[in-house]
Structure formats: structure tokens, C-alpha cells
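Chain and residue survey
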Amino acid sequence: MSELALEAQGLGKRYGKNWALRDCTLGVPSGSVAALVGPNGAGKTTLLHLAIGLATPSAGSVRVLGRSAREEPSAVLPHIGFVAQDHPLYRRFRLDEMLNAGAKLNPSWDEELALARLERLRIPLRQKVGTLSGGQQAQVALTLALAKRPELLLLDEPIAALDPLARREFLQSLMEAVADGGLTVVLSSHIVADLERVCDYMILLAGAEVQLAAPIDEIVAKHRVLSGPRTDPSTVARVHSVIRESHTERQTTLVVRANGHLYDTRWQVAEVDLEEIVLAYLGRGSEARPYEEVAS
Amino acid sequence: MIWLTWRLQRLETALVAAALLLAAAALIPLGLHMAAVYSDDGIGACLARGGAGCGSTVDSFRQRFEHAGLIIPWLNFLPGLIGVLFAAPFVLELEHGTFRFAWTQSVPRGRWLAVRLAFMIVAALLATFALTELMTWFRGPLDQVNGRMEPDVFDFEGIVPYAYTLLAVGLVLALGVFTRRAVTAGGIALIAYFTLRIGVQTWVRKDYVAPLRKVWPPGTQGPSGLDQSWSLVSGPSDAAGHSLPQSVAKQTLMACGPSKSSSIACMRAHHIYNLAVYQPASRFWLFQGIEAAIFTGLAAALLTFSAWWVRRRVS
């Protein structure tokens, strides 16, 4: 097995004149649970579609489990579970027919795993897929992906449409699957809350570019919020990276990514949680420079 | 893959079967009756050998079952419907986004596409085969009398129905991969289907090969096989074969007086001839081949475009 479950080199995708994703270089280590975060239209879906081979890159390359899904679909697809946005399923099918579809399309199909999961979720097999609730459909889609016994699981906005309870249940069952071992997960979301408990790696996309790609504890450890009397932040910026600055009449607040030790008596230094870090990056707007050091 | 493909178009297959059964239920009783009258009245023998009173026997048969020919144009929508229904599940897959499920299982996209297209086309052709067999049997006695060149018959027999069905499949797919809306694609495809069918039938088909043109004096035997041909022009003309309006012939006859024997003499005296411009029955297979080639060619282009689009442009 490759060291990196998902690896992109200068990856880009253009639709007409617009780049949906540009110059994306990153690597998700095997065994991690990675959150792919960013606002709507940031390129999350594009990145996942490129990874699974639904879309072809306009530039660069992307490999999953060491291979290109586009070029070697027969070798790659059986080892990857993918759930597209809005978890598409055949709505006219009964659930057992949906499982049969999974079984017929996948040589490595684990029927027992699928049945056990659905029984645990109390979703009746005779029911029409179209009549299941949104949360149940998301769970069915996850079950179908897991029953492939994948090494890599790619989930596009799996929790976006779910209510908070269904969201928690979904993430819970995802964690159980990860705990069974041998699985790398990349899941995209525009909601950061809840992800910190589940994920240990984060890719932040904004404006079609990668802003951050690193283990979450490393991200949290390196970012600080500084507050002090109103001042020009250029002295701080000389050493550290200022992600966002905000000023009131008397006070300046900076979110910085510390480059080494942060010690300055003029500033009050405080820890900052993941959600605020994400918001700081997203608040930088489109002139933002990708944040390369952490990514490498 | 095959089970899945079948499951995805089960409903549509049932709808097509129901439509065919409905058509069969409407046509079989009338067809049996027509066949019985045909053999009881000895129409076949009449056509083969002729004989006393045969002309009127055949004419009365023709008139008696004229209405049978009238219901047939309404069945022209069936090849289109067959094509639309069998292609629709494919478009639904794009509309509902389930292709993203299908293409991310272990079966590569190219194989998925090949199986789906093959299944759809074979099923549509089988349904068309059933329809064509039914129509050919039903029309059997009438075809003996009237031939198979007239559009109402030509469109349902031989090989062109298969080409029509393929065209409908191609239209739905090409519009479907583009719009990703099954109802929109099906609706526009049916409109385009009828536009093409009617356009070719009205303006193009009659000139596949230059039609025959015969001029003969009233009271003499016209060209043989005219009854079984596709008549394009039939009426009075001058000696050179230039068509004359019916009104001219009528006025001439009125001026001459009523009796029948004198009317022939009257027309001759005024140099009025009979004109027929027609496509003879012997060109049936030639025309079938040309028309089938046109529609199959169009369908192949549309299918190729759809397959290319799905392989390259859909994600």
C-alpha cells in the first residue's frame, strides 16, 4: 500500500474559462481521516471527482492508492468507496435491490457487512429507497460504499443535508467503520463543526486553491490569535504569517500562523480553535496566497 | 451489470409491452376478419388469374376495408414511443445523478456504457420486430390488393421501422446527455422524430429515384401495376403529359353531354389524356434500403455523439 492514499501534483480543472481547481498539490497519508473543507464552489467536489476518475484533469495529475483512477479504472475502482453529493441511489429500487446492484457491480462485495449495518440502523430491506429519510439514504449510500471493502473512502458532503441528530449518527457510524481498521477517509464539508472530533487531517480549499493541508493537531498548534493596542502588524508579519487582521479604534487582533516561537510582550497570545482558523483563511478573500509551508 | 440494466428499464419494457398488446388487441380481430373475407371472396385467385367480375370483387374488397388503412397512420408514433421509452432510463440516470453511483463501483465507465447501449438497442429492436410482424400480418390481404409502396404501408413493413426506432433512441440520448432531463429530452425527441419522419415522407422519399410518368388516352388500358404503386399524380393531362386541372376536364365533359361512351369520345376529341406519375411496387426494397440508410445513419451519428459526450464530458 502506498504511503499516500490520495496524492495530487499541480492538479487543475478548468470549465470553459473558469478554473474550478487550480494548482492543487497535496498528499493525504494512508490511515488518516481527512476533512476537505471550504465554502460552496471552492473546488471540493471537483477534487473528489478528479480523484475517483469521474472528471479528467486539465492540468497536473492525481493518484489514489498510487494509481490514476481515470487511466486504470479496473485496478483502482474496486478499492475505493465513493459517495457522491446528495448520495444518489436508485429511488425506484427496494433496498434489497439496491444491495443487489452493489453486489453485481463489485467483485469484493461484502454482503454480510452490508446486511449487518442495515440491521443495526433498522432500515427495512423491503422498503423503497425513495421513501427513506435523507439520513437513512445517506447511511445506505455509506453502507454500499463500505461493503466494497475499500481502502479509501471518498465522501462528498455526506452530512450537509442531514439534521443534527442524523449528522451525529452518520459520523458515529463512519467512525466505527474507521475503527475496524485499514481505511483512509476523505470527506468534504462546508460545515466545520463536528469534524474536529472525527478528522485528524484537514485540507482547506478556497477560491479554487489549496489554502492549508496538514494534520489538524499541527494546524491548531501553530495558529495563535494575538490581540493588543492598535498597531501596524508589519513587524509581526516579518517573522510569522498573518492570516487575518482586524482593527477596532483601539485594538488590533491578528490570527497568525506562528513560525517558530511566538513571544512578544506587546501582544496577548491566545490559542485559537479550528473553526476560527478556517474562518480566518476564508475571510482573506481571493487575493490570499496559498499556504505552502504547512502543506509540504 | 445485466441484472441492473434490466431492473433499470423494467418499467419501460412493461409500458412498451402494454402498448404493443393494445395495438394487437385492436388489430387482430379486424385482421382475422379481413383475411377471412379475402379467402372467402377468392380475392387471391382473382388477383392471380383475373376472370369475370373480378374487377368489381377486388374493388368492393378495397372499399370495404378502406377504414382499416385509416387507423394505421396513428400507429406511426409507436416506433418513436418504443425508442423514447427504452432510452429514457439512461437519461434518468443522468438526471438523478445515479451515474455517479454506477461509475464509481468496480465496473469501468466504458463497459457500463457499452452494456447499457447494447441492451437498450436490442430491446428496442425486438419491440419493433414485434410491431412490424403484427403490422405485416394485419396488412397482408390489403397488401396483395394495394401493394406496399403507399406511405401508410411502407412505413410499417420491411426494414424501415427498425431505422425509425433507432432514430428515436438516438434523438433521446443526444438530447438527454445534453439536457440531463428525461421529460425534456423525450418531448423534444418526439417532436424532432415526427418532423423528420413527415419531412422525409413528404418531400424526400418520392425522389429517391425519378418516378415513372405515363400518359395514355381515355378508354385504353393504363400502365400495369398502377393499383399497387405509390401514386404521386393521377388525373387529366394534355397529350404532352402536362397535368391539367380537374375542373378543365369537368367543363369539357359538361360541354359534351352526359352519356358515358360519348364522354370518352369527347375527351379524345378534346385531346385530354390520363396521366399517372408513380413509384412502382417493384421499387419497394430499393426505397426501403435508401430510407433505412438515411435514418440509421442519422441514428448512428446521434448515438456516437452521445457515447462520446458521456465518456468525455459527463462527470
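Residues numbered from 1 in each chain as written. Chains lettered and ligands numbered in written order. Predicted model: local features only at pLDDT ≥ 70, side-chain atom pairs only at ≥ 80, totals over all residues. Heavy atoms only, no water.

Residues and elements named next belong to chain A. Running from N to C, helix H4 (residues 111–120) and helix H5 (residues 134–146) cross one another at 160°; their axes reach a closest spacing of 9 Å. With respect to their mutual orientation, H4 and H5 come out roughly antiparallel. H5 is crossed by H4, and the crossing has right-handed handedness. Here Leu113, Ala114, Arg117 and Leu118 of H4 lie close against H5, whose contacting residues are Gln139, Val140, Leu142, Thr143 and Leu146. Residue composition of the contact of H4 with H5, by class: six nonpolar, two polar and one charged. (Axes fitted to C-alpha atoms, helices over the stretch in contact; angles between N-to-C directions. Helix = DSSP H or I, 4+ residues; strand = E, 2+ residues; numbered from the N terminus. Parallel < 35°, antiparallel > 145°, perpendicular 65-115°, else oblique. Left-handed = near helix turned anticlockwise from the far one by under 90°. Contact = heavy atoms within 4.5 Å. Nonpolar A, V, L, I, M, F, W, Y, C, P; charged D, E, K, R; others polar.)

Residue and element names in this part refer to chain A. Read across the sheet, three strands follow the order S2-S1-S4 without closing on themselves; strand pairing throughout is antiparallel. Edge positions in the sheet fall to strand S2 (18–29) and strand S4 (59–64), since each of these pairs with one other strand and no more. Sheet twist, expressed as the mean angle between neighbouring strand axes with direction ignored, is 20°. The pairing of strand S1 (residues 4–15) with S2 spans eight bridges and is classified as antiparallel. (Pairing = 2+ DSSP bridges.)

Here the focus is the domain arrangement of chain B. Residues and elements named next belong to chain B. Assigned domains of chain B: these are domain 1 (2–50 + 75–209 + 283–313) and domain 2 (230–279). Just the C-alpha atoms count here: the centres of domain 1 and domain 2 sit 43 Å apart. Taken residue by residue, the interface counts nine residues in domain 1 and four residues in domain 2. Counting the surface lost from both domain 1 and domain 2, the interface buries some 580 Å², and carbon and sulfur atoms represent 62% of this. Interface area lost by domain 1 to domain 2 is led by Met149, Glu150 and Lys206, which between them contribute 62%. The interface formed by domain 1 and domain 2 includes zero salt bridges. (Domains from an automatic or database assignment. Buried area = accessible area lost by both parts, 1.4 Å probe. Salt bridge = Lys/Arg side-chain N within 4 Å of Asp/Glu carboxyl O.)

Turning our attention to the packing of aromatic side chains. Taken as a whole, this structure holds 16 aromatic pairs over all chains when the rule is applied. Ring geometry for Phe154 of chain B versus Phe284 of chain B: centroids 5.7 Å apart, planes at 80°, classification edge-to-face. You can see Phe154 of chain B sitting in helix H9 (residues 151–154) and its partner Phe284 of chain B sitting in helix H14 (residues 284–312), a full 130 residues away along the chain. Phe284 of chain B matches Phe154 of chain B in its accessibility class, with the two residues each being buried. Joined through ring pairs, the aromatic side chains of Tyr90 and Phe93 of chain A together with Trp3 and Phe101 of chain B make up one cluster. Positioned above the aromatic ring of Phe284 of chain B, the side-chain terminus of Arg148 of chain B is 4.0 Å from the ring centre. Here the guanidinium or amino end of Arg205 of chain B rests over the ring plane of Trp230 of chain B, the centre of that ring lying 5.9 Å away. (Phe/Tyr/Trp six-rings, centres within 6.5 Å; stacked < 30°, edge-to-face > 60°. Buried < 20%, exposed > 50% of the residue type's maximum accessible area, 1.4 Å probe, protein only. Lys NZ or Arg CZ within 6 Å of the ring centre and 35° of its normal.)

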